[in-house]
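# A look at the structure
Listed below are the residues making up each chain.
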Amino acid sequence: MSEISFYTGVAERLPYVCRLLRKAQLSGARLTVLAPGGLLDRLDRVLWEFDPTEFVPHARLRAGSPWPWASRTPIWLVDRLQEHPRRDVLLNLGMEMPEGFDAFARVLEVVATEPEQVEAGRQRFRQYKQLGHVVQHHVVNA
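Residues numbered from 1 in each chain as written. Predicted model: local features only at pLDDT ≥ 70, side-chain atom pairs only at ≥ 80, totals over all residues. Heavy atoms only, no water.

### Notes on the sheet that holds strand 1 (residues 3-10)
- One open sheet accounts for 7 strands, arranged 3-4-2-5-6-1-7; its pairing is parallel. A strand with exactly one partner marks an edge of an open sheet, and here the two such strands are strand 3 (59-60) and strand 7 (135-139).
- Across the face of the sheet, helix 3 (residues 115-130) comes into contact with strand 1, strand 5 (89-92), strand 6 (106-112) and strand 7 while running at roughly 155 degrees to strand 6. (Pairing = 2+ DSSP bridges. Helix = DSSP H or I, 4+ residues; strand = E, 2+ residues; numbered from the N terminus. Contact = heavy atoms within 4.5 Å. Axes fitted to C-alpha atoms, helices over the stretch in contact; angles between N-to-C directions.)

Next up, the structure:
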């Protein structure tokens, strides 16, 4: 079973995600970030700019595009899981529980403070629990 971790109460989601990705990448993890295309484009830009003294290696992978070099890149930004091989960790930034999440050893869910984010996060939390997963909950901003 996948290990599920929720990070809730995140006031500034993209900067928090950048720090989380940097930490995971430095630990040697290979991550897939799943989100809608527009959010991935913003995350891609923020990852390039968020710390001028270091680089968080990542690649924005699009369906149907060749990506032979991507296997060497620790962080993939994707809008669909089905077209990409599995990695160690899935970071879900979408509003729904991702189909195929259980192929990953670990799933991270980052939930912002906006009401629609909170409600969607609660729904995903319940779904994971109903499927029998142990879900860890970390409150970022109490």
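### Side note on the packing of helix 1 (residues 13-26) against helix 2 (residues 37-49)
- With their axes 10 Å apart at the nearest point, helix 1 and helix 2 run at an angle of 65 degrees to one another. Here helix 1 runs over helix 2; the crossing is right-handed. Contact residues: helix 1 offers Arg13, Leu14, Val17, Cys18 and Leu21, while helix 2 offers Leu39, Arg42, Leu43, Val46 and Leu47. (Left-handed = near helix turned anticlockwise from the far one by under 90°.)

### Structural notes on the confidence of the model for the chain
- Mean pLDDT over the chain stands at 90; residues scoring 70 or higher make up 93%.
- When pLDDT is averaged over each helix and strand of the chain, the minimum, 88, is found for strand 3 and the maximum, 97, for helix 3. (pLDDT = per-residue confidence, 0-100.)

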